[in-house]
Amino acid sequence: MSEIILSTINAKYIHSAFGLRSLWCNLGSLTSKASILEFNINQQVNQITEEVLKLSPKIICFSAYIWNIESLTNLLYNIKQLSPEIKIIVGGPEASYEFENASWYPFVDHIICGEGEIELPKLIRDLLSNNTPDKVIQAAPIEDLSTINMPYAAYSDEDISNRVVYVESSRGCPFKCEFCISSLDDKVRFFDVDQFLEQMLILINKGVMHFKFIDRTFNVGTKRAIKVLDFFLENWRNGMQLHFEIVPDKLKTELMEKMKQFPLHGLHLEIGIQSYNPKTQELISRRQDFELTKTNLKSLLTETGALVHTDLVIGLPAETYDSFAYGFNQLIEQRPQEIQIGFLKRLKGTPIIRHTEKYQLIFENEAPFEILQTSDISFAQMRKLKKFSRYFDLFYNSENFPESMELLWNIDKDHFKSFMALTDFTWGKTRQTHKISLKNLVKIFYDFISSLNVISNEQLFDSLAKDFYRIPGRKEKLENILKCC
């Protein structure tokens, strides 16, 4: 039984709701009356409803995100119909902007827009005292982060054993990329670095091995970033990994040198390129030095042991089919371990919407509100690129074909053209983008390369064999797979 429930629907079980833990740790005297209850989108809404209502709460606080808003809307409806006396509070990105016409709006009692650590305890106390606060509460950004408690005490042993542990050393982003929700919070605020590192040591001693920083730009403030890295180097344990998001053309030499000291795959770096189209970059208020980005990316890939995850976004204003192909070729030439090819999403509150009319941006009507067409990329082209993205995950990002993919890249300098040909071939063979087994992918790749008559079957077989048997335990003979069907 809990009077107060803090809840959300995560994208996966392994994800932990960092925001809920931060809210719980800042409830003060209300903490003992509150429980964190997490679900995931694979669970049935009626099952979630049952789990929530059996606790007989007085107040339920939900975090709303683009990935859970459809399920959450149905959940809010269920609760309000079955137990209308329960007060429902909603916060999070999907609740902070353009909420008036949202389908879930009639089912909630209160909304907190923005950071909730200070405003949520006030609101709950008002409700428990039978006061009547406003339905919509606009929470100002917390200027001094030392005034709130860090959330790390809320990580349970189960979290540490089974879930991703998120950490946060700063909030806000100094850049104004119009498609990103972080552009609305352009002032970077830092937690006290010494207090933060004290908490990190506690987590290390509890057995945490993977730390995923949710800072929007870790390399803002080089001295502070180096101090954090020095701390982890001093307390390093075999198998540990740190995940950071960095801006490549703002990466200082001294920070790069520090990154070189980490063991192989000790760092996982997320680097948003987004687009190589200068006009697109200008339209979305993004400034990026392409040459410096290329230089620093090369250094990270060749001089450090970091795993490098890069991002490209399809559907931005003025980005064309051909300009995306150019950008893909620029990036794949450097061979980052992963290139996530994403599609523009209509995140509520972001300024990207100002380009809707001129560039004819058409988005899906339901979450995740993904781009369907622009004035420069037709719906048919967008669908081709969608398949391209999915198959790129299967063939390249999966790291199941590192040797074999080099054969493909060496066929034509236009790597986009080569992979699009593989995309068309794969679609023709399967007519699906999901539930394609590794054995089928191996056979498809072999058949495709063979059909080009540019590489000997012996060389192709040798490359596929190195890839297929790279992971121990695969007993099926490759030649039997290639003869099949």
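Residues numbered from 1 in each chain as written. Predicted model: local features only at pLDDT ≥ 70, side-chain atom pairs only at ≥ 80, totals over all residues. Heavy atoms only, no water.

1. A word on the overall build of the protein chain
Then comes step 1: Helices and strands together make up the secondary structure of the protein chain, namely 18 helices and 16 strands.
Then comes step 2: Radius of gyration (C-alpha) of the protein chain: 24 Å, near the 23 Å computed for a compact globule of 485 residues.
Then comes step 3: On the principal axes, the C-alpha backbone points of the protein chain span a range of 80 × 50 × 50 Å.
Then comes step 4: Here the protein chain holds 485 residues, and 54% of them are scored as buried.
Then comes step 5: In the protein chain, the share of contacts with a sequence separation of at least 24, taken over all contacts with a separation of at least 6, comes to 72%.
Then comes step 6: With an accessible surface of roughly 22400 Å², the protein chain has 49% of that area assigned to carbon and sulfur atoms.
Then comes step 7: The averaged location of the 62 negative side-chain charges in the protein chain is 3 Å from the averaged location of its 55 positive side-chain charges. (Helix = DSSP H or I, 4+ residues; strand = E, 2+ residues; numbered from the N terminus. Rg over C-alpha atoms; globule rule 2.2 N^0.38 Å. Buried < 20%, exposed > 50% of the residue type's maximum accessible area, 1.4 Å probe, protein only. Contact = heavy atoms within 4.5 Å. Areas by Shrake-Rupley, 256 points an atom, 1.4 Å probe, with all protein chains shown as cover. Lys, Arg positive; Asp, Glu negative; His and termini not counted. Charge placed at Lys NZ, Arg CZ, Asp CG, Glu CD.)

2. Section: the sheet that holds strand S5 (residues 110-113)
Then comes step 1: Here we have 6 strands laid out as an open sheet, ordered S2-S1-S3-S4-S5-S6, and parallel in their pairing. Only two strands of the sheet have a single neighbouring strand rather than two, namely strand S2 (34-40) and strand S6 (136-138). Each adjacent strand pair in this sheet contributes to an overall mean axis angle of 20°, direction not counted.
Then comes step 2: The sheet contact formed by S5 and S6 spans 3 bridges and is parallel. (Pairing = 2+ DSSP bridges. Axes fitted to C-alpha atoms, helices over the stretch in contact; angles between N-to-C directions.)

3. Looking at the pairing of strand S3 (residues 59-63)
Then comes step 1: Of all 5 residues in S3, 5 are buried; the element is thus mostly enclosed.
Then comes step 2: Of the two faces of S3, the one lined by Ile59, Cys61 and Ser63 and the one lined by Ile60 and Phe62 are each fully buried.
Then comes step 3: In the sheet, strand S1 (residues 4-10) pairs with S3 via 5 bridges, with the strands oriented parallel. Residue Thr8 lies in a different strand from S3, and its bridge partner there is Ser63.

4. Let's talk about the packing of aromatic side chains
Then comes step 1: A full pass over the atoms with the stated rule returns 37 aromatic pairs.
Then comes step 2: Geometrically, the ring pair formed by Phe392 and Phe419 is edge-to-face, given 5.4 Å between the ring centres and 75° between the ring planes. Highlighted residues: Phe392 in helix H13 (residues 379-397) and Phe419 in helix H15 (residues 415-430), separated in sequence by 27 residues.
Then comes step 3: For Phe392, a relative accessible area of 0% puts it in the buried group.
Then comes step 4: Ring plane angle 50° and centroid distance 5.4 Å describe the contact between Phe395 and Phe401, whose orientation is recorded as tilted.
Then comes step 5: When its relative accessible area of 0% is taken as the criterion, Phe395 is described as buried.
Then comes step 6: Among the aromatic side chains, those forming a connected cluster through ring pairs are Tyr321, Phe324, Phe328, Phe388, Phe392, Phe395, Tyr396, Phe401, Trp409, Phe416, Phe419 and Phe445.
Then comes step 7: A cation over a ring is seen here: Lys387 above Trp427, with NZ or CZ 4.7 Å from the ring centre. (Phe/Tyr/Trp six-rings, centres within 6.5 Å; stacked < 30°, edge-to-face > 60°. Lys NZ or Arg CZ within 6 Å of the ring centre and 35° of its normal.)

5. Details of the side chain of His110
Then comes step 1: Mapped onto the elements, His110 comes out in strand S5.
Then comes step 2: The residues touching His110, leaving out its near neighbours within four places in the chain, are Ile88, Ile89, Val90, Leu123, Leu127, Pro133, Asp134 and Lys135.

6. Focus on helix H2 (residues 45-53)
Then comes step 1: For H2, the complete set of buried residues consists of Val45, Ile48, Thr49 and Val52. Buried residues of H2, viewed axially, fall in a sector of 105°; they line one side. Looking at H2, the residues exposed on the side facing more than 90 degrees away from the buried face are Asn46 and Glu50.
Then comes step 2: Each element contacted by the buried residues of H2 is listed here: S1, S2, S3 and helix H3 (69-82). (Arc of directions from axis to C-beta.)

7. Topic: the sheet that holds strand S7 (residues 165-167)
Then comes step 1: In space, the 6 strands of this open sheet follow the order S7-S10-S11-S12-S13-S14, with parallel pairing throughout. The sheet terminates laterally at S7 and strand S14 (338-343), the two strands that pair on one side only. Pairwise comparison of adjacent strand axes, ignoring direction, gives a mean angle of 25° for this sheet.
Then comes step 2: Direction of pairing for strand S13 (residues 307-314) relative to S14: parallel, over a ladder of 6 bridges. Looking across to S14, one finds that Val313 is bridged to Gly342.

8. Thoughts on the pattern of salt bridges
Then comes step 1: Per the stated rule, a full pass over the model turns up 29 salt bridges.
Then comes step 2: Notably, a salt bridge pairs Glu178 with Arg354, separated by 2.8 Å at the nearest N-O pair. Remark: Arg354 occurs in the loop between S14 and strand S15 (362-363) and Glu178 occurs in the loop between strand S8 (170-171) and strand S9 (189-190); sequence separation between them is 176 residues.
Then comes step 3: Relative accessible area serves as the criterion here: at 6%, Glu178 is assigned to the buried category.
Then comes step 4: Given the relative accessible area of 54%, Arg354 is considered exposed.
Then comes step 5: Put simply, Arg224 and Asp215 hold a salt bridge, and the shortest N to O gap is 3.3 Å.
Then comes step 6: Accessibility expressed as a relative area gives 1% for Asp215, which makes it buried. (Salt bridge = Lys/Arg side-chain N within 4 Å of Asp/Glu carboxyl O.)

9. Here we look at H15
Then comes step 1: Relative to the 22 Å expected for 16 residues at 1.5 Å per residue, H15 spans 22 Å between its end C-alpha atoms, a close match to the ideal helical length.
Then comes step 2: Looking at H15, one finds that the buried residues are His415, Phe416, Ser418, Phe419, Met420, Leu422, Thr423, Thr426 and Thr430.
Then comes step 3: Structurally, H15 contributes buried residues whose contacts are with helix H12 (321-332), H13, helix H14 (402-411) and helix H16 (438-452).
Then comes step 4: Backbone geometry just after H15 places Arg431 at a positive phi near 55°. (Expected span 1.5 Å × (residues − 1).)

10. Structural notes on the pairing of strand S11 (residues 241-246)
Then comes step 1: Extensive coverage of S11 is indicated by the burial of 6 of its 6 residues.
Then comes step 2: Sheet topology note: the strand S10 (residues 210-213)/S11 ladder contains 3 bridges and is parallel. Among the inter-strand pairings, His210 is bridged to a residue of S11, identified as Gln241.
Then comes step 3: In terms of handedness, the path from S10 via helix H8 (residues 222-234) over to S11 forms a crossover that is right-handed.
Then comes step 4: Pairing between S11 and strand S12 (residues 267-274): 5 bridges, direction parallel. Across the sheet, the residue bridging to Phe244 is Leu269, located in S12.
Then comes step 5: Assessed by its sense of winding, the connection that carries the chain from S11 through helix H9 (residues 253-259) to S12 is right-handed. (Right-handed = clockwise from strand over helix to strand, strands pointing away.)

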